[in-house]
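Coordinate inspection notes
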Amino acid sequence: MSASLKLYTNHRCPWAHRAHITLAELGVPYEEEIIDLDTPRTPEYLAINPRGLVPSLSYNGTVITESAIVAQFLADTYPDRAALAPPTTDPRGPLVRARIAFFVDAWFSKVNGLYNKALNAGGDGGELVVAAIKKEIEPLLEGAAPFFGGSEKLTMAEVLTGPFVLRLRTFLRRGLLPAQLGEALAEQTPNFYKWSDAVIASKSVTGIFNEDAVVTRTLERIAKAKA
Ligand SMILES: N[C@@H](CCC(=O)N[C@@H](CS)C(=O)NCC(=O)O)C(=O)O
């Protein structure tokens, strides 16, 4: 009997987006419930996730929260459906998993904060984003073909960073970040740029992404922060 999966989500949320990418790659059926993030969480939802955040996953009635944990749990539960990360029992498993974890850590500890700052400042500080990607990310994508570590298919590296990379590329294209930043990335971080092209061309990554809604919300958020 197949497991019952229910994802509590909001399609605007990049963290919840990680769970959607994982589920799309694995091709497992699931039910979803959209959580309204514009109003206080209901007591029902707080009983599911006391932190009130999305995503939450119910697996046969047991709740799992935190997007990276949800994504890894799904990948570990359905290892035969997609090789997002090799199992630890695979002779190459621990090393590949460590490399993926280092890449994801590099994105979030060295790049993502600078990128958010530049986005909120209309592009000011964009050169710091380029420098951080050049130093921390570019060397790790040397062997991408087109995905992390030479993989032909998405890996956990793309699952966990993809929502953020998709937003970065979208905001460049839609003018929320200056064109010069995009040009600098294409010139100075070719591995990253090529890899990000593959990430944003993936149907699993774009599947639930409502570009207009995300752009509108982001513009509103930036305006509110400025005011
Ligand atoms: N560390 C969490 C972050 C999730 C998160 O921040 N979700 C946001 C939406 S993008 C949320 O639920 N915010 C609701 C709130 O802060 O009230 C994860 O990775 O799952």
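Residues numbered from 1 in each chain as written. Predicted model: local features only at pLDDT ≥ 70, side-chain atom pairs only at ≥ 80, totals over all residues. Heavy atoms only, no water.

**Here we look at the site of the ligand**
Which entries qualify depends on this criterion: Any residue with a heavy atom positioned within 4 Å of a molecule or strand is treated as near that molecule or strand. Contacts described as polar in this section are N or O atom pairs within 3.5 Å, which, within protein, must combine one atom able to donate a hydrogen with one able to accept it, while residues neighboring in sequence count only if both atoms come from side chains. Note on areas: Shrake-Rupley, 1.4 Å probe, and residue coverage restricted to the protein chains presented here. Both cavities and pockets are sets of points on a 1 Å grid over the protein atoms alone; in a cavity a 1.4 Å probe fits but cannot get out, in a pocket the set is open with protein on both sides within 12 Å along at least five of seven lines, and lining residues sit with an atom within 4 Å of a point. To qualify as sitting in a cavity or pocket, a molecule needs more than half of its atoms within 2 Å of the grid points.
In the vicinity of the ligand, the residues found are C13, P14, W15, L37, R41, L53, V54, P55, E66 and S67. Contact between the ligand and E66: a nitrogen atom at 2.7 Å from a side-chain N or O atom of the residue. At 2.6 Å, a side-chain N or O of S67 approaches an oxygen atom of the ligand. Here the ligand has 510 Å² of accessible area as a free molecule, and 68% of this is covered by the chains. Judged by the proximity of its atoms to the pocket grid, the ligand belongs to the largest pocket.

**Considerations on the sheet that holds strand 2 (residues 31–34)**
In any sheet, the strands associate via hydrogen bonds between backbone groups, in a parallel or an antiparallel arrangement. This is how it is decided: One requirement defines pairing of two strands: DSSP has to find at least two bridges between them. Every helix listed is a DSSP run of H or I at least four residues long, and every strand listed is a run of E at least two residues long, numbered separately from the N terminus. Here an axis means a line fitted to C-alpha atoms, over the contact stretch when the element is a helix, while the angle between two N-to-C directions is reported on a 0 to 180 degree scale. The contact criterion used throughout is that any non-hydrogen atoms of two residues lie within 4.5 Å.
Read from one edge of the open sheet, 4 strands run 2-1-3-4, paired in mixed fashion. With one partner strand each, in any of the chains shown, strand 2 and strand 4 (62–65) form the two edges of the open sheet. Between one strand axis and the next, the sheet turns by 20° as a mean value, whatever way the strands run. Relative to strand 3 (residues 56–59), strand 1 (residues 5–9) runs antiparallel, the two being bridged by 4 bridges. Bridging across to strand 3, Y8 finds its partner in S56. Strands in contact with helix 1 (residues 14–26) are strand 1 and strand 2; relative to strand 1, the strand with the most contacts, it is inclined by about 150°.

**A look at the domain arrangement of the protein chain**
Interface size is commonly expressed as the accessible area that is lost once the parts come together. Test applied: All the domain ranges listed were derived from an automatic or database domain assignment. Buried area is understood as the total, over both parts, of accessible area removed when two parts are fitted together, assessed with a 1.4 Å probe. Between Lys or Arg on one side and Asp or Glu on the other, a salt bridge is scored when a side-chain nitrogen of the former is within 4 Å of a carboxyl oxygen of the latter.
Its domain assignment divides the protein chain into domain 1 (5–77) and domain 2 (93–226). A straight line from the C-alpha centre of domain 1 to that of domain 2 covers 22 Å. Contacts between the two partners involve 18 residues from domain 1, matched on the other side by 17 residues from domain 2. With both sides pooled, the region where domain 1 packs onto domain 2 buries about 1,700 Å², and carbon together with sulfur makes up 63% of that total. Inspection of the domain 1/domain 2 interface yields 2 salt bridges.

**Observations concerning the pattern of salt bridges**
Test applied: Only protein chains enter the area calculation, which uses a 1.4 Å probe; residues under 20% of their type maximum are buried, those over 50% are exposed, and those in between are partly exposed.
What the rule picks out here adds up to 12 salt bridges. Note that K6 and E33 form a salt bridge whose closest N and O atoms lie 2.9 Å from each other. Here K6 is found in strand 1, whereas its partner E33 is found in strand 2, with 27 residues between them in sequence. In this structure, the salt-bridge partner of R51 is E66, at a minimum N-O distance of 3.1 Å. Pair noted here: R51 is in the loop between helix 2 (43–48) and strand 3 and E66 is in the loop between strand 4 and helix 3 (67–77), with a separation of 15 residues, a long-range link. Take R51: its relative accessible area is 60%, and that puts it in the exposed class.

**Focus: the layout of surface pockets**
A probe as big as a water molecule, rolled over the atoms, marks out the empty space that is left. The following threshold applies: Grid points are joined across faces, edges and corners, and a volume is the space filled by probe spheres set on the points. Under the convention adopted here, Pro, Cys and the residues Ala, Val, Leu, Ile, Met, Phe, Trp and Tyr are nonpolar, Asp, Glu, Lys and Arg are charged, and Gly plus all remaining residues are polar.
In this structure, the largest pocket occupies an estimated 790 Å³ of space. Around the largest pocket sit 31 residues that line it, and R12, C13, P14, W15 and R221 are the ones nearest its centre. Secondary-structure elements contributing two or more residues to the lining of the largest pocket are helix 1, helix 3, helix 4 (93–120), helix 6 (156–173) and helix 10 (211–226). At 6 residues, helix 10 tops the list of elements feeding residues into the lining of the largest pocket. Of the residues assigned to the lining of the largest pocket, the class counts are 13 nonpolar, 7 polar and 11 charged. Along the walls of the second largest pocket sit 25 residues, with R92, V96, I100, F148 and G149 positioned nearest its centre. Class assignment for the residues of the lining of the second largest pocket results in 15 nonpolar, 4 polar and 6 charged.

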